[in-house]
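# Close look at the chain arrangement
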Amino acid sequence: MGTSPWIVSDDLWERMEPLLPCKERRFRHPGRKPLPDRQVLCGILFVLHTGIQWDYLPREFGFGSGMTCWRRLRDWNEAGVWQRLHEVLLAELNAAARLDWWRAVVDSSHVRAIKRGSQTGPSPVDRGRTGSKHHLITDGHGTPLAVILTGGNRNDVTQLMPLIDAIPPIKGRVGHPRRKPDSLFADRGYDHDIYRDQVRERRIVPAIARRGTGLGTYRWVVERSFAWLHGFKRLRIRWRRADMHEAFLKTRLLPHHPPTDQLIVLAAVRGSQLCCHR
C-alpha cells in the first residue's frame, strides 16, 4: 500500500534536513517547542498537492496550523533552502550521468493570477485577464534546471538569456561545475536573430525554430515537465504573493532521483512560487 504523496520520505529528508536553518531557542522563557520541521514540510506538500487554503489545513493530520506551515515555507524560501536542495539533487543526477547536457529546452506557460499582485500582467492568451508566466529550462530528459516567474504579458524571448544565466553551477563530475548545455532548443516564440547571436556568444548552439517550422520532436520534454508541474493544484492558479508562489514552484522543481520517486527536482520550485492564499 503506497503512502500519500505529501509524506516526506527518509531519502528526501536526509538530503533536506542539513540545509534547514537552525533557530536557537531562548534560555529563559523559551515558549512552546516548535513543531518538527519534517511534519511542517508534510503540511506544505499537502497544500501544494491539494490546493487547499492554508486556513483549512486539517489539524488532525499533525502538520500544525496553516499559518505555521506558511511561515516555515516563507523562512525556508528566504534562506535559499529550495535552491540549495535543487543544486544538491542536480549534482547527484550529474554524478550518475542522468543529466542530458547535449541539449536544453526552454518554454513558458501561463497561469491565472486571481488576486493580482507583483509579477502579473494582462495575458494575451487569456482574453487579457491578469496572469503570470512560468519560464522553464530543462535538460534533454526534461529535468528542470531553472525557472523564472514573470507577468503574463512578458514576451517569452525576453527571458531566454535570464533562464540560461539562472542555471546553477552543477557539481558531481570531475572538473569545474557545469552550467551550460551544448545546444538550446526553443519554439518560434524565440525566433529572433539577436538572441541567437547572444546564445552563440555563450558557446551554445541555438536550435530555435523559424517561422513556419517546429521542433516538436525535441521540445516535447519541456511540455511534459509543465504538464507534471501544473498537476499540483496549488501551482495552477497564482494567488497573491510572488515570493510564496516561487517557493512552491521551486519545491516542485526538484528532479527525480534514482532511489525514490519523491525526490522531485522540478520545484526546488526555485522553489515554489505558488503564492499563498493570504
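Please read all numbers here as calculations on a predicted model, not as lab measurements. Within any chain, residue numbers begin from 1 and follow the written order of that chain's sequence. Selection of residues for local features in this predicted model requires a pLDDT of at least 70, selection of side-chain atom pairs for listing and counting requires 80 or more, and totals for whole chains, interfaces and linings are taken over all residues. To get the side-chain values, take all heavy atoms of the structure and skip hydrogens and water.

## Some details on the overall build of the chain
Tallying secondary structure elements over the chain gives nine helices and nine strands in all. Taking all 278 residues of the chain together, the buried fraction comes to 51%. Summed over its atoms, the accessible surface of the chain is roughly 13,800 Å², and 50% of this surface lies on carbon and sulfur atoms. Put simply, DSSP marks the helices as runs of H or I at least four residues long and the strands as runs of E at least two long, and each gets a number from the N terminus on. A simple rule labels every residue: compare its accessible area, found with a 1.4 Å probe on the protein chains alone, to the largest value its type can have, and call it buried under 20%, exposed over 50%, or partly exposed in between. The protein chains shown are the only cover counted for residues, whose accessible areas, like all others here, come from Shrake-Rupley with a 1.4 Å probe.

## Section: the packing of aromatic side chains
Pairing of aromatic side chains here covers Phe, Tyr and the six-membered ring of Trp, requires ring centres within 6.5 Å, and sorts the geometry by plane angle: under 30 degrees stacked, over 60 edge-to-face, intermediate tilted. Applying the stated rule across the entire model yields six aromatic pairs. Aromatic side chains F46 and F61 sit 5.3 Å apart centroid to centroid with 80° between the ring planes, which places their arrangement in the edge-to-face category. One end of the pair, F46, is in helix α2 (residues 37-50); the other, F61, is in the loop between α2 and α3 (66-78), and 15 residues separate them in sequence. You can call F61 partly exposed: its relative accessible area is 41%.

## Thoughts on the pattern of salt bridges
Opposite charge on two side chains lets them pair, provided their charged atoms get close. Each reported salt bridge corresponds to a side-chain nitrogen of Lys or Arg within 4 Å of a carboxyl oxygen of Asp or Glu. Under the counting rule described, the total for this entry stands at 15 salt bridges. Residue D182 pairs with R178 through a salt bridge whose shortest N-O separation is 2.7 Å. According to the relative accessible area criterion, D182 is partly exposed, its value standing at 38%. Looking at R178, the relative accessible area reads 29%, which means it is partly exposed. Here the salt bridges do not stand alone but share partners, grouping D107, D187, R219 and E223 into one network.

## Concerning the side chain of S109
With respect to the helices, strands and loops of the structure, S109 is situated in strand β1 (residues 104-113). In what follows, a contact means two residues having at least one pair of non-hydrogen atoms within 4.5 Å. Apart from residues lying up to four places away in sequence, S109 is in contact with S132, K133, H134, F226 and H230.

## Some points on the nonpolar core
In plain words, nonpolar cores are sets of buried Ala, Val, Leu, Ile, Met, Phe, Trp, Tyr and Cys residues tied together by side-chain atoms within 4.5 Å. Of all hydrophobic cores here, the largest spans 36 residues; its most connected members are V8, M16, L41, I44, W54 and W76. If you list the elements that add at least two residues to this core, you get α1 (10-16), α2, α3, α4 (81-95) and α7 (216-229). No other element matches the eight residues that α2 contributes to this core. Residues contacting L41, with those up to four places away along its chain left out, are V8, W13, M16, W76 and W82. In terms of nonpolar packing, the next biggest core, distinct from the first, is built from 24 residues, L145, V157, I167 and I204 among them.

## With respect to the environment of A166
Looking at the secondary structure, you find A166 in helix α5 (residues 160-166). For A166, a relative accessible area of 26% gives the class partly exposed. Along the chain, A166 and I137 lie 29 residues apart, while their C-alpha atoms are 9.2 Å from each other.

## With respect to the pairing of strand β6 (residues 205-208)
Side chains of β6 alternate between two faces, with P206 and I208 buried and V205 and A207 left unburied. Look down the strands so they point away from you; if going from the first strand over the helix to the second traces a clockwise path, that crossover is right-handed. For the segment spanning strand β5 (residues 183-186), helix α6 (residues 193-201) and β6, crossover handedness is right-handed.

## Let's talk about α2
Count 3.6 residues to each turn of an α-helix, and residues three or four apart come out pointing the same way. A helix is expected to span 1.5 Å for every residue after the first. Along its 14 residues, α2 runs 20 Å from first to last C-alpha, staying within 8% of the 20 Å computed at 1.5 Å per residue. Most of α2 sits out of view: 10 of its 14 residues are buried. Those residues of α2 not exposed but buried are V40, L41, C42, G43, I44, L45, F46, V47, L48 and H49. Positive backbone phi, at 80°, marks G51, one or two positions downstream of α2.

## What about the side chain of T138?
With respect to the helices and strands, T138 occurs in strand β3 (residues 130-139). Not counting residues up to four positions away in its chain, the partners in contact with T138 are R103, A104, V105, T143, P144, L145, V221, V222 and S225.

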